[in-house]
Amino acid sequence: MNVMVAGGAGYIGSHAVKQLIEAGHRVVAVDNLYRGHVEAVHPEAVFCEIALADTPSLTRVLREQEIDCVMHFAALAYVGESVTDPLSYYENNTAGTVSLLQAMDAAGVKRLVFSSTCATYGEPEATPIVETMRQEPINPYGWSKWCVERVLKDYGAADRQFAYVALRYFNVAGCAADGSLGEDHDPETHLIPRLLLAALEKVDKLTIFGTDYPTPDGTCIRDYIHVEDLCAAHIVAMNALQPGDGRFYNLGIGKGYSVREVLEAAAGVTDVKIPVAYGPRRPGDPAILFANAEKIRNELGWTARYTEISEIVATAWNWLKDHPDGYGG
Ligand code: UDP
C-alpha cells in the first residue's frame, strides 16, 4: 500500500514509518518538524515538510503519491501544556485533523488510522478500561482528541466509503530493538526517558510525583506499551479496514507498573543507582491507569509482545546511551 504517515518525524511516527517500510509498504512521511526530527525519518521514505493546516499541499501530496491510507500521529501531546495553551491543542490536534480529512476527501483517500488516546476516558469509571466506558476527558489534550473521534463518527456517517480506526492508548515507551530510532523530546517529561537521563547525569535526579497513592507501593501505576507493539497494532488495524468501517480499540499490555517498579527496572538496566527525590503528587494524575486490549486481540489478533518493564526500558536505554544528546547530538 502507499501510506502517508502524518507526524512521521516524531517519536511514534518515525517508528511507524520504519515498520511500514519493513512490511513492504511505500511510505510518505509528512511532518512540520515543530517537534519532530528529520534524522528520524527512514531513508527509504519520501519526506514532505508540511503543516496539517496546509490543506492544499496535503491534497497535492495525497494525489501525486497515490496514497491509499493515512496513518495519523501528528499531535501536540503534553497534558500540562494543553491546560495552559488549549488553543494550540485544538488548533493542531482538532482543526489540523479536520484539515487532513478535507485533503483526504478532496483527493479521494478513504482510509485513516488515527492515533487517539486513553486520555479521552478522563478519570476512568474502572480499570482496566474497556472501550465502552464513559469518555469524559479531564484536560484539553484529551478533549482535542475526543473531538476528532466525534468528527470521525460524523464524517464516517456522511461518507459510507470512508473507513477509519481510532486507537486509544496510554504511555508509549521503548525504542526500535535494533537501536536505530529513539525518543527525543524537548522538554522531556516522561518517566522512562527522565530516569535514563538521570542515569546519564543529564538531569540532576528523578522526582517521584507522589508516594501516597492507594497502590501497593504508594506510587502511580501506568500501562507502558512498547512503541514497536504500538506500531504493529496500527498496521494490523490498517490492514483490517473495510469501506464504511468505524472502529475503536484500546491498546495496552494489560497490566500496569508502578513508578517505583519502573525505577527499579531502570536501575537494573543501566546499572546506575539513579538519584531520586520524593515530591508531591502531580496535578491531574490518577492513581491507576491501564487499558484492557481484549477487543483488538479478539477481533484482529493483536497482542503486545513486550510485557516486561525491564525489557521495555532496555530498548530505550539501547538508543539513549549512544545518543545522550538525542538526534542533534
Ligand atoms: N512521573 C514521575 N516523575 C517524573 C515523570 C513522571 O514520578 O519525572 C510519574 C507520573 O506522575 C506518572 C508516571 O510517572 O505517574 C508516568 O508519567 P509520564 O509523564 O511518563 O506519562 P503520563 O502518565 O503523564 O502520560
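This text follows the structure it describes.
We now turn to the structure provided with this report. Just so it is clear, the model here is predicted, and its values are computed rather than measured.

Ordered by their spatial adjacency, seven strands build an open sheet running 3-2-1-4-5-6-11, and the pairing between neighbours is parallel. In this open sheet, the two strands that pair with only one neighbour each are strand 3 (46-49) and strand 11 (246-250). On average, each strand axis in the sheet is tilted by 15° relative to the strand beside it, whichever way the strands run. The sheet contact formed by strand 1 (residues 2-6) and strand 4 (residues 69-72) spans four bridges and is parallel.

The N-to-C vectors of helix 2 (residues 55-64) and helix 4 (residues 86-107) enclose an angle of 45°; their axes lie 8 Å apart at closest approach. For the element pair helix 2 / helix 4, the angle class is oblique. Where helix 2 crosses over helix 4, the two elements pack in a sense that is right-handed. Across the interface between the two elements, Thr55, Leu58, Thr59, Leu62 and Arg63 from helix 2 touch Ser99, Leu100, Gln102, Ala103, Met104, Ala106 and Ala107 from helix 4. Residue classes in the contact of helix 2 with helix 4 are distributed as seven nonpolar, four polar and one charged.

Looking down a regular strand, the side chains alternate between one sheet face and the other. Residues of strand 13 (residues 276-279) alternate between two faces, with Ala277 and Gly279 buried on one and Val276 and Tyr278 left unburied on the opposite face. When strand 8 (residues 206-209) meets strand 13, the two strands line up parallel, connected through four bridges. Paired with Thr207 across the two strands is Ala277, which belongs to strand 13.

Conventions adopted
- Residues numbered from 1 in each chain as written.
- Predicted model: local features only at pLDDT ≥ 70, side-chain atom pairs only at ≥ 80, totals over all residues.
- Heavy atoms only, no water.
- Pairing = 2+ DSSP bridges.
- Helix = DSSP H or I, 4+ residues; strand = E, 2+ residues; numbered from the N terminus.
- Axes fitted to C-alpha atoms, helices over the stretch in contact; angles between N-to-C directions.
- Parallel < 35°, antiparallel > 145°, perpendicular 65-115°, else oblique.
- Left-handed = near helix turned anticlockwise from the far one by under 90°.
- Contact = heavy atoms within 4.5 Å.
- Nonpolar A, V, L, I, M, F, W, Y, C, P; charged D, E, K, R; others polar.
- Buried < 20%, exposed > 50% of the residue type's maximum accessible area, 1.4 Å probe, protein only.

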